[in-house]
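A structural walkthrough
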Amino acid sequence: GHRVRELRKAKGWTLDQAATQAGLARSTLSKIENGQMSPTYDAVRKLAEGLKISVPQLFTPDTCARAAWL
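Cut-off values and rules
- The residue numbers shown here count from 1 along each chain, following its written sequence.
- Restriction of local features to residues with pLDDT of at least 70 applies here, the model being predicted, together with a cutoff of 80 or more for giving and counting side-chain atom pairs; totals for whole chains, interfaces and linings are based on all residues.
- For the side-chain quantities, the full set of heavy atoms in the structure was used; hydrogens and water were omitted.
- Both cavities and pockets are sets of points on a 1 Å grid over the protein atoms alone; in a cavity a 1.4 Å probe fits but cannot get out, in a pocket the set is open with protein on both sides within 12 Å along at least five of seven lines, and lining residues sit with an atom within 4 Å of a point.
- Grid points are joined across faces, edges and corners, and a volume is the space filled by probe spheres set on the points.
- Secondary structure follows DSSP: runs of H or I at least 4 residues long count as helices, runs of E at least 2 residues long count as strands, and numbering of each begins at the N terminus.
- Relative accessible area decides the class of each residue, using a 1.4 Å probe on protein chains only: under 20% of the type maximum gives buried, over 50% gives exposed, and in between gives partly exposed.
- Note that the arc is defined by the directions from the helix axis to the C-beta atoms.
- Contacts between residues were defined by any pair of non-hydrogen atoms, one from each residue, lying within 4.5 Å.

In total, this model carries one cavity of 30 Å³ or more according to the counting rule given. Looking at the largest cavity, its volume works out to about 40 Å³. Lining the largest cavity are V4, R8, W13, A18, A22, L29, L47, G50 and L51. When contributions to the lining of the largest cavity are tallied by element, the ones reaching two or more residues are helix 1 (2–10), helix 2 (15–22) and helix 4 (41–51).

Right, dumping it as structure tokens:
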């Protein structure tokens, strides 16, 4: 959920904009971001497509975040 929020905010999108892009309900996206629900594979795929990234990128921290941990 944290990674989804990070990616959404990096694009400057509101929750509504990201939900529309991904074809998900705003409430579903909110629950995913807040860790209140685990997304189905279909939702993960839609999120990746909506954010214009690959599915593995949803689970991989960006380079800057990784560098901060080193």
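One turn of an α-helix holds 3.6 residues; hence residues three or four places apart share an orientation. Those residues of helix 1 lying buried are R3, V4, L7 and R8. Taken around the axis of helix 1, the buried residues stretch over an arc of 135°, which confines them to a single face. Across from the buried face of helix 1, at angles greater than 90 degrees, the exposed residues are H2, K9 and A10. Along its buried surface, helix 1 packs onto helix 2, helix 3 (26–33), helix 4 and helix 5 (55–58). Count one or two residues on from helix 1 and you reach G12, which has phi positive near 75°.

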